[in-house]
Amino acid sequence: MTQSASTTVAFLGAGTMGAPMARNLASAGFAVRAWNRTREKADAVDGVEVADSPEEAASGAGAVITMLADASAVEEAMTGGEGALPALEGAPWIQMSTIGLAGTERMKATAAEHEVAFVDAPVLGTKEPAEQAQLLVLASGPEDDDLRGRCQPLFDAVGQKTLWVGEAGAGSRLKLVLNSWLLTLVEGVAEAVALASSIGVDPERFLEAIEGGPLGVPYADLKGRAMIADEFPPSFALALARKDAELVLEAAADLELPFARAVTLQLRRAEACGLGEQDMAAVARMVGSDRGATRAET
Ligand code: NAP
């Protein structure tokens, strides 16, 4: 069966990413039944029917998508009281949150216990690409053309491109590698901006100097400008970036990754200073002086 406009999609999670993704699925013609722990956020999503529980959302649906904060939130929504998993009748579970390697393996095993097809499909892209249906979907799952064919129209509704990268788990592996790069990039930008300010260089000049050249990355420009303005409305909440940094360290338990360790520490300090709900670029407040470290350690 191909997913079509008549297919009901259960969408669990209406946060920064989930809300625009659910709206884009509805715009593409899917009948979206959305659930969110804080109901008001689901109520605010145009074009979706709001369910009172994950179970209600999933009942009779053609697919369930999870886009929740972390592995424990996903587990609770799928297998907790009024969870979605037992309500699925032959429909696949498409897991799009970032939950790391161990979390993904655990969810895959749980799905198998319920004889539910599991597709691991985290995304690359933040709030604005989610709003514009421009995400990159890192899909992985069984080599089953029918299953992949059922997932593809859903991915097309939220993303600009899908990479099928292997068996379930491969998507989350690639996502961790990308996050490792992104997290160190943001810390690197924060430190360059701080250094510039402290030695009398306008940090705007730093961004101008790298723009469009081999050292320039649009993401560095985006986050660098937020750091210079010292304004951090959340696109990617710092607490989630800290969670992702910890997932990198967990996956790399046998490796020495000094930068990943340092970035994790910086993000933990920033969160301890009350910056968890700000954008991850607020990690810049932890560099440039010893103010941040001092505050975090008190
Ligand atoms: P978010 O805005 O913080 O939303 C988190 C969602 O998880 C909300 O729906 C929240 O419900 C729910 N949640 C949290 N704890 C829960 C629990 N214990 N039980 C049930 N629901 C719970 O996060 P987001 O930015 O949308 O990110 C969602 C996922 O995508 C995360 O895994 C994140 O790492 C990943 N991701 C984010 C970005 C990004 O740039 N933002 C990019 C790629 C991937 P409430 O509304 O009730 O709090």
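Residues numbered from 1 in each chain as written. Predicted model: local features only at pLDDT ≥ 70, side-chain atom pairs only at ≥ 80, totals over all residues. Heavy atoms only, no water.

Draft legend 1. Structural context of the packing of helix H4 (residues 71–79) against helix H5 (residues 100–113). Relative orientation of the contacting elements H4 and H5 amounts to 10°, with a least axis distance of 10 Å. Comparing their axes, H5 and H4 come out roughly parallel. From H4, Ala 71, Val 74, Glu 75 and Thr 79 reach across to H5, where they touch Gly 103, Arg 106, Met 107 and Thr 110. Class assignment for the residues of the contact of H4 with H5 results in three nonpolar, three polar and two charged. (Axes fitted to C-alpha atoms, helices over the stretch in contact; angles between N-to-C directions. Helix = DSSP H or I, 4+ residues; strand = E, 2+ residues; numbered from the N terminus. Parallel < 35°, antiparallel > 145°, perpendicular 65-115°, else oblique. Contact = heavy atoms within 4.5 Å. Nonpolar A, V, L, I, M, F, W, Y, C, P; charged D, E, K, R; others polar.)

Draft legend 2. The arrangement of the sheet that holds strand E9 (residues 159–164) in detail. Reading across the sheet, the three strands line up as E7-E8-E9 and stay open at both edges, with mixed pairing between neighbours. The sheet is open, and its two borders are formed by strand E7 (123–124) and E9, each paired with just one other strand. Pairing of strand E8 (residues 135–139) with E9, which is carried by five bridges, proceeds in the parallel orientation. Bridging from a neighbouring strand, Val 137 pairs with Thr 162 of E9. Strands in contact with helix H7 (residues 145–158) are E8 and E9; relative to E9, the strand with the most contacts, it is inclined by about 145°. (Pairing = 2+ DSSP bridges.)

Draft legend 3. Up close: helix H9 (residues 203–210). Of the positions making up H9, those classed as buried are Pro 203, Leu 207 and Ile 210. All buried residues of H9 lie within an arc of 70° about the axis, which places them on one face of the element. Summarising the contacts, the buried residues of H9 are in contact with helix H8 (170–198) and helix H10 (218–229). Following H9 by one or two positions, Gly 212 adopts a phi angle in the positive range, close to 80°. (Buried < 20%, exposed > 50% of the residue type's maximum accessible area, 1.4 Å probe, protein only. Arc of directions from axis to C-beta.)

Draft legend 4. Structural context of the pairing of strand E2 (residues 31–35). In terms of burial, E2 is a largely internal element, four of the five residues being buried. Across five bridges, the pairing between strand E1 (residues 8–12) and E2 is parallel. Looking at E2, one finds that Phe 11 is bridged to Ala 34. Direction of pairing for E2 relative to strand E3 (residues 49–50): parallel, over a ladder of two bridges. Each residue of the ladder has a partner; that of Ala 34, found in E3, is Val 50.

Draft legend 5. The pattern of salt bridges, seen in detail. What the rule picks out here adds up to 15 salt bridges. In this structure, the salt-bridge partner of Arg 39 is Asp 43, at a minimum N-O distance of 3.4 Å. Pair noted here: Arg 39 and Asp 43 are both in helix H2 (residues 39–43), with a separation of four residues, about one helical turn. Judged by its relative accessible area of 33%, Arg 39 falls in the partly exposed class. The closest approach of N and O atoms between Lys 223 and Asp 279, which form a salt bridge, is 2.9 Å. With Lys 223 in helix H10 and Asp 279 in the loop between helix H12 (258–275) and helix H13 (291–297), this residue pair connects regions lying 56 residues apart in the sequence. Taken as a pair, Lys 223 and Asp 279 share a single burial class, namely buried. (Salt bridge = Lys/Arg side-chain N within 4 Å of Asp/Glu carboxyl O.)

All we've got here are geometric facts, nothing functional implied.
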